[in-house]
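An overview of the molecular structure
Next come the chains, spelled out residue by residue.
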Amino acid sequence: MPVGVVLRRTPGVTRWAKYAWRAVAVLPGAGEANWRELRREGEAVEYHAATLSLELYRAETEAYLHGITAREPSIYVVMRKIIGEHPFEIVLVTASPYEAQDYCDSGEDVVEKVPMPQGLLAWVGDFVERHHEGEEFVKRRRKNAKVDGAQDGIGDPRIVKPADIYASPSLKRGRLQ
């Protein structure tokens, strides 16, 4: 589904940042856009920055389910800072909070959480309902588990223990010989 990304530019609050940018909305089913100005309120300006395709995958239904059942269902916009006429390149729009977290971990991209519109929420929910297969948890058993209760290394005088800092010098000498 094509999804338009709306970015808001407001005046910066410090002398080092002229403007503050924030993703404020998404437009499901939007047409092509290239930083088209949508609205101006004083010094705050909203731009339809880009339209990207939101793709859903059957293997990711658990992540989508987690995202739409959250207190505030959200869509995530991944932006990359660039040098040029516009401050950001819109890289990705995703409904998966797990994928958004992966982009956050890199530290190179800016990830904005935007409230998911009702129509988009219904579309993602329908996809999850049709394709999600819950997996039952099965506890794995270790093949070579020792069940005799003996632990290796306990009581061996050659192995240094944290308690050795309080040991007498004669006890330490006996271990070294």
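Here we summarise the structure given alongside this text. (Residues numbered from 1 in each chain as written. Predicted model: local features only at pLDDT ≥ 70, side-chain atom pairs only at ≥ 80, totals over all residues. Heavy atoms only, no water.)

**Focus: the nonpolar core**
Inside soluble globular proteins, nonpolar side chains tend to come together where they are buried. Formed by 29 residues in total, the largest nonpolar core has its most connected members in Leu7, Ile75, Val77, Ile90, Met116 and Val124. Elements that contribute at least two residues to this core include exactly β1 (2–11), β2 (19–28), β4 (44–53), α1 (61–68), β5 (74–81), β6 (88–94) and α3 (118–131). Other than its neighbours up to four places away in sequence, isoleucine 75 contacts Val26, Leu54, Val93, Thr94, Ala95, Glu112, Lys113, Val114, Met116 and Leu120. (Core = buried A, V, L, I, M, F, W, Y, C linked by side-chain atoms within 4.5 Å. Buried < 20%, exposed > 50% of the residue type's maximum accessible area, 1.4 Å probe, protein only. Helix = DSSP H or I, 4+ residues; strand = E, 2+ residues; numbered from the N terminus. Contact = heavy atoms within 4.5 Å.)

**Concerning the layout of surface pockets**
Size it by volume and the largest pocket reaches roughly 180 Å³. Around the largest pocket, the lining residues are Arg58, Ala59, Thr61, Glu62, His131, His132, Glu133, Gly134 and Glu135. Along the lines of polarity and charge, the residues of the lining of the largest pocket split into one nonpolar, four polar and four charged. (1 Å grid on protein atoms, 1.4 Å probe; cavity = no way out; pocket = protein on both sides within 12 Å on 5 of 7 lines; lining within 4 Å. Points joined across faces, edges and corners; volume = space filled by probe spheres on them. Nonpolar A, V, L, I, M, F, W, Y, C, P; charged D, E, K, R; others polar.)

**Comments concerning the side chain of threonine 61**
Its location among the elements puts threonine 61 in helix α1. Sequence-distant contacts of threonine 61, that is, excluding residues within four places in its chain, are made with Phe127, Val128, His131 and His132.

**What about the sheet that holds β6?**
Overall, antiparallel pairing links the three strands, which are arranged β6-β5-β7 in an open sheet. Either end of the sheet is taken by a strand with one partner, and the two such strands are β6 and β7 (110–115). For this sheet, the mean angle separating the axes of adjacent strands, direction not counted, is 25 degrees. Strand direction decides the pairing type here: β5 and β7, joined by six bridges, are antiparallel. By the bridge assignment, valine 78 is partnered in β7 with valine 111. (Pairing = 2+ DSSP bridges. Axes fitted to C-alpha atoms, helices over the stretch in contact; angles between N-to-C directions.)

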